[in-house]
Every structure is written in C-alpha cells, then in structure tokens.
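Letter by letter, the chains look like this.
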Amino acid sequence: MPNLKRIPLQGAHNFRDLGGYPTADGRCIRWGLLYRSDALCALSRADWALLLHRGLKTVIDLRSLPETQSAPLSPPEGVLALHFPLMRELDGVLPGPGTGEKRVLDSMLLDYGKMLFDSLPCCAEVLRAIAGRLDAGSVAFMCSAGKDRTGIIAAVLLYLCGVPREDIVADYMVSSTYNANGFNQKLSSIPQSIRALIPDPAILQSCLASQPETILKLLGELDQRDFRTLLEGAGFSLEQQGLLKTALTEPI
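These numbers come from a predicted model, not from an experiment. (Residues numbered from 1 in each chain as written. Predicted model: local features only at pLDDT ≥ 70, side-chain atom pairs only at ≥ 80, totals over all residues. Heavy atoms only, no water.)

Caption draft 1: Geometry of the overall build of the chain. Counting secondary structure elements, the chain contains 14 helices and seven strands. Counting across all 252 residues of the chain, residues that qualify as buried make up 48%. Sequence-distant contacts, at least 24 apart, represent 73% of the contacts inside the chain between residues at least 6 apart. Carbon and sulfur atoms make up 55% of the accessible area of the chain, which amounts to about 11,400 Å² in all. (Helix = DSSP H or I, 4+ residues; strand = E, 2+ residues; numbered from the N terminus. Buried < 20%, exposed > 50% of the residue type's maximum accessible area, 1.4 Å probe, protein only. Contact = heavy atoms within 4.5 Å. Areas by Shrake-Rupley, 256 points an atom, 1.4 Å probe, with all protein chains shown as cover.)

Caption draft 2: Representation of the nonpolar core. Among the nonpolar cores identified, the biggest contains 49 residues, and Ile 130, Phe 141 and Phe 227 are the most heavily contacted of them. Residue assignment for this core shows that the elements contributing at least two residues are α4 (112-117), α5 (120-133), β6 (138-142), α6 (149-160), α7 (165-173), α12 (212-224), α13 (227-233) and α14 (238-248). For this core, the element with the highest residue contribution is α6, accounting for nine residues. Sequence-distant contacts of Ile 130, that is, excluding residues within four places in its chain, are made with Leu 34, Ile 60, Val 139, Phe 141, Leu 157 and Leu 244. Residues Leu 43, Leu 73, Ala 140 and Met 142 belong to the second largest nonpolar core, which totals 16 residues. (Core = buried A, V, L, I, M, F, W, Y, C linked by side-chain atoms within 4.5 Å.)

Caption draft 3: View of the pairing of β6. For β6, the buried fraction is high: five of the five residues fall into the buried class. Here β6 shows two buried faces, one formed by Ser 138, Ala 140 and Met 142 and the other by Val 139 and Phe 141. With four bridges connecting them, strand β3 (residues 34-37) and β6 associate as parallel partners. Residue Tyr 35 lies in a different strand from β6, and its bridge partner there is Ala 140. (Pairing = 2+ DSSP bridges.)

Caption draft 4: Region of interest: the packing of aromatic side chains. This structure, assessed with the given rule, holds four aromatic pairs. Linked through ring pairs, Phe 117, Tyr 159 and Phe 227 together constitute an aromatic cluster. Directly above the aromatic system of Tyr 21 lies the positively charged group of Lys 5, at a separation of 4.0 Å from the ring centroid. Cation over ring: Arg 225 sits above Phe 117, and NZ or CZ is 3.9 Å from the ring centre. (Phe/Tyr/Trp six-rings, centres within 6.5 Å; stacked < 30°, edge-to-face > 60°. Lys NZ or Arg CZ within 6 Å of the ring centre and 35° of its normal.)

Caption draft 5: The sheet that holds β3, seen in detail. Spatially, five strands are ordered β1-β3-β6-β4-β5 in an open sheet, and the strand pairing comes out mixed. Of all the strands in the sheet, the pair left with one neighbour each is β1 (16-17) and β5 (80-83). Direction of pairing for strand β4 (residues 56-61) relative to β6: parallel, over a ladder of five bridges. Across the sheet, the residue bridging to Leu 56 is Ser 138, located in β6. Sheet strands in contact with α5 are β3, β4, β5 and β6, and its direction is about 175 degrees off that of β4. (Axes fitted to C-alpha atoms, helices over the stretch in contact; angles between N-to-C directions.)

Caption draft 6: Region of interest: helix α1 (residues 45-53). Taken residue by residue, α1 has Asp 47, Trp 48 and Leu 51 as its buried positions. When α1 is viewed along its axis, its buried side chains cluster within an angular range of 95 degrees and face the same direction. Residues Arg 45 and His 53 are exposed on α1 and point more than 90 degrees away from its buried face. Along its buried surface, α1 packs onto β4. Gly 55 sits one or two residues past α1 and shows a positive phi near 90 degrees. (Arc of directions from axis to C-beta.)

Caption draft 7: Summary view of the side chain of Thr 58. Among the secondary structure elements, Thr 58 is positioned in strand β4. For Thr 58, a relative accessible area of 0% gives the class buried. When residues no more than four places from it in sequence are discounted, the contact partners of Thr 58 are Val 79, Leu 80, Leu 82, Arg 133, Ser 138, Val 139 and Ala 140.

Caption draft 8: Inspection of the packing of α6 against α12 at higher detail. In the contact formed by α6 and α12, the axes pass within 11 Å of each other and the chain directions differ by 45 degrees. Accordingly, the angle class assigned to the pair α6 and α12 is oblique. Judged by the sense of rotation from one axis to the other, the crossing of α6 with α12 is right-handed. Together, Gly 151, Ile 152, Ala 155 and Tyr 159 of α6 and Ile 215, Leu 218, Leu 219, Leu 222 and Asp 223 of α12 make up the contact between the two elements. Residues of the contact of α6 with α12, tallied by class, amount to seven nonpolar, one polar and one charged. (Parallel < 35°, antiparallel > 145°, perpendicular 65-115°, else oblique. Left-handed = near helix turned anticlockwise from the far one by under 90°. Nonpolar A, V, L, I, M, F, W, Y, C, P; charged D, E, K, R; others polar.)

Here is the structure:
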C-alpha cells in the first residue's frame, strides 16, 4: 500500500498521515500508524472502507460535548471511537439555546499554550489511549477543523518523538491549505451577528489560518516549561513517553 501524506476522502479534507518525519536520533515516524484529521462525521461508506483498508482501528475525538452532539461520530463496526474533550471549557459555548455568541468568538481565539497546559491530564489520557491502541491497528485523532486541538496533539507527539521543529511547523501550517475546501469554507457563511463582534476582519482570518508563529510559540513553551516532566506529573510517565516514541518510530 503506498504511503500518502494526505488521504483523499469525500467527507473530510484534512486527514493526514503523520508518518515520514525524521527524528533527532536517526529514526523516523512510522507510516500508516498515526493520522490527524478534521471531523470524520460526514464520511461516506467508501471513505470508511478506505480507512479500514489502511488498518484504522481507533478514532480519538477531541471535540467538546456540544460539538459531538451536533455532529455525532459514527464509525463502522471494528473501529473504536474514544472521546477526550481537550477543551472542557468549550462545553456549552457553541451556538445554541442560551449561548452567548461572544463566547463563541472567544473560544476561537484561545491561546494554544493555555489550551494545552490547562488540559494536561486530558492530554495524558489521549497519549495513553494512543499507546494502548497501537497494537490493534492505526489510530486517528480529530477535532472539527483538524487544526487547533488536533494540531496541538500532533505537535506534542512529534515533539516527544524528537522531530525537528521545522517539520512540526510545516505539518501544522498545511492545515489551512486543505481546510480551504473544508472547514474554512463552511465558516465563510458565519452569521453576521458574530461578524459584528469582530473589530478587524484580519482577526477572523488569523483564526482560520495555520500561522507558523502560533505553533512556534507553543513549542517554545514546551521547552521553557519542561513539558516532559509536567506530562509525567499529569500521569504519563517518562517511561511511557519513551515507550510511545519507540512504538511510533523506526530506523531510517
């Protein structure tokens, strides 16, 4: 089966293999083992058949509870769906009865460092789930756009594996390219009531873009705050981190 960076699907536009990136110790991320994606809620039968053919056994959903309720994930038999809302504070802030639209805008502008470090126990749960399911087959993790929450977890995984910074940045930046025909296109019809809350249209564009400065800032915080030690304190030990790296990488 050929190694493809982006897997072409009818119902998702940002489904990508994390394989192929080199690591600092002369290894590389295994192909066909770990995928990052936008929401998989609109996949066709042909889409799921393709992913099953590629060995997909687990989907980790990072979305908030309201997102999962409005767009449920329904994988076929043989694929386990796990839910770990990376931003628990998003529960109840998406559009709906009794929801303030200003809070919707606020949720789009949350800082990646705050998002991750406020949710370290959840991040540890996600990493444990990935490590525990790799023996069954490949694992995909997803959010709505496959850019922010998914981008954070992808950056964490690549960081723990020792992938060079420029490759982590490049992996993050390509989301805006693929989302141009997916999630970003859906947001082009954002209600005028929310647009009125945005003083500068450039702010909305920055929310949709995958700017290198955004992920570089997060990577700098991982270094400065001794992320591996903090992650150990959150329940994912240094030994587990090492075992995950071994499982995800192979010699070049």
